[in-house]
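Structural characterization, general
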Amino acid sequence: MKHIVFDCDNTFGVKDCDVDDGLALMYLLGSRSAKLHGITATYGNNRLDVVYNTLQIMLKELGREDIPVKLGGKTCGACESEAADYLAEMADQYKGELSILATGSLTNLRGAYERDRNFFKKVKEIVVMGGITSPLVFEKKVMDELNLSCDPLASWTVLTKGRNLSVITGNNCLKVLFTKAEYKERLFTSENKAASYIRTKTDYWFGYNEEDYGIKGFYNWDVTAAVYLMHPELFMDERKTFLVSEEDLKRGYLREAEEGNSVCNLPVIGEEGPYKDHIYHTWLQVPMA
């Protein structure tokens, strides 16, 4: 059993906003070996208040109001927060056992470190979704990095101080596209309540991606990070050394170097079929109220 805190910028079902944090939450709730202790709200996909309210609504709809949601820092550098305190407290309570999944800006993690300089030593592992090693080129445009670049100093802190750190980069997520045709086949033909909930909340996202980016589907950025946390055997590990700087992190760029200040794992998705099958299967395991 993994003891998890999910630090995210969930905008599941919010107009013109990404759905992947919510799908990652659904994945965690469907995973039998995940104990999700709490969620810390951060900004990124939208303002902090929108993220916080979206999380509260989603957990109510799923019948999981037992999971606490803690309010994070509102902006870059806002390190003192309820979320930062909670992360530090959970690292104490589950010393050597706590896993953190971080899929938005990393302000709350830096806040926990500012509160307790031994924070990263106490945490078992951190899986981050974010960063680029080269431009993210879509059919119609180049997409900006949207996580590590939100708070460059916080990202620098996590990348240089964190231990057992895995970073799911935007580039590595591009390996697998979730197409609308497949999505309909897997979820629209099912009477499963979780399937119905997911399709109701996310169907609009396909049109947004095709119109804005020219892709007939979407990439499951944050879900990929959640899957790696729970089932790393579905990936190939690639440990690399980086020379990270606040300047590079303003655009989320990870600069590989022979000698650097950060060593982390950049997992690559293995076989597409088993990876997708596992995600769809786990989503359908979510208990619905």
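Residues numbered from 1 in each chain as written. Predicted model: local features only at pLDDT ≥ 70, side-chain atom pairs only at ≥ 80, totals over all residues. Heavy atoms only, no water.

1. With respect to the environment of Ala78
Checked against the element boundaries, Ala78 lands in the loop between strand E3 (69-71) and helix H3 (82-93). Of the residues examined, Ala78 reaches a relative accessible area of 22% and is grouped as partly exposed. Between the alpha carbons of Ala78 and Glu247 there is a distance of 19 Å; along the sequence they are 169 residues apart. The residues contacting Ala78, other than those within four sequence positions of it, are Gly73 and Thr107. (Helix = DSSP H or I, 4+ residues; strand = E, 2+ residues; numbered from the N terminus. Buried < 20%, exposed > 50% of the residue type's maximum accessible area, 1.4 Å probe, protein only. Contact = heavy atoms within 4.5 Å.)

2. Quick look at the nonpolar core
For soluble globular proteins, nonpolar side chains are generally found buried alongside one another. Ranked by size, the top nonpolar core spans 61 residues in total, and within it Phe6, Leu25, Met26, Leu28, Leu36, Ile39 and Trp283 carry the most contacts. Top contributing element to this core by residue count: helix H11 (residues 221-230), with 8 residues. Apart from residues lying up to four places away in sequence, Ile39 is in contact with Phe6, Cys8, Leu25, Leu55, Leu59, Ile67, Pro68, Val69 and Lys70. Tyr86, Ala88, Ala91 and Leu98 belong to the second-largest nonpolar core, a separate cluster that totals 31 residues. (Core = buried A, V, L, I, M, F, W, Y, C linked by side-chain atoms within 4.5 Å.)

3. What about helix H1 (residues 20-30)?
Side chains three or four residues apart in an α-helix point the same way, a direct result of the helix having 3.6 residues per turn. Counting buried positions along H1 yields 11 of 11 residues, so the element is predominantly enclosed. Along H1, the residues classified as buried are Asp20, Asp21, Gly22, Leu23, Ala24, Leu25, Met26, Tyr27, Leu28, Leu29 and Gly30.

4. Quick word on the side chain of Ser81
Turning to its location among the elements, Ser81 is positioned in the loop between E3 and H3. In terms of polar contacts, Ser81 uses its side chain to reach the backbone amide nitrogen of Ala84, at 3.0 Å. Each residue touching Ser81, except ones within four places of it in the same chain, is listed here: Leu71, Gly72, Gly73 and Asn108. (Polar contact = N/O pair within 3.5 Å; in protein donor to acceptor, adjacent residues only side chain to side chain.)

5. What to know about the layout of surface pockets
Considered as a void within the structure, the second largest pocket measures approximately 150 Å³ in volume. Around the second largest pocket sit Leu28, Leu29, Gly30, Ser31, Arg32, Ala34, Lys35, Leu36, Arg64, Gln285 and Pro287, which together line it. Contributions of two or more residues to the lining of the second largest pocket are made by H1 and strand E2 (34-41). Taken together, the residues that form the lining of the second largest pocket break down as 5 nonpolar, 3 polar and 3 charged. (1 Å grid on protein atoms, 1.4 Å probe; cavity = no way out; pocket = protein on both sides within 12 Å on 5 of 7 lines; lining within 4 Å. Points joined across faces, edges and corners; volume = space filled by probe spheres on them. Nonpolar A, V, L, I, M, F, W, Y, C, P; charged D, E, K, R; others polar.)

6. So, the pattern of salt bridges
Tallied over the entire structure, the rule returns 17 salt bridges. One salt bridge connects Arg115 with Asp85, and the closest N-O pair in it is separated by 3.0 Å. Taken together, the residues Arg115 in helix H4 (residues 107-115) and Asp85 in helix H3 connect sequence positions 30 residues apart. On the basis of relative accessibility, which here comes to 33%, the residue Asp85 falls in the partly exposed class. Residue Arg186 pairs with Asp277 through a salt bridge whose shortest N-O separation is 2.6 Å. With Arg186 in helix H8 (residues 180-188) and Asp277 in helix H13 (residues 272-283), this pair connects stretches of sequence that are 91 residues apart. Given the relative accessible area of 27%, Arg186 is considered partly exposed. (Salt bridge = Lys/Arg side-chain N within 4 Å of Asp/Glu carboxyl O.)

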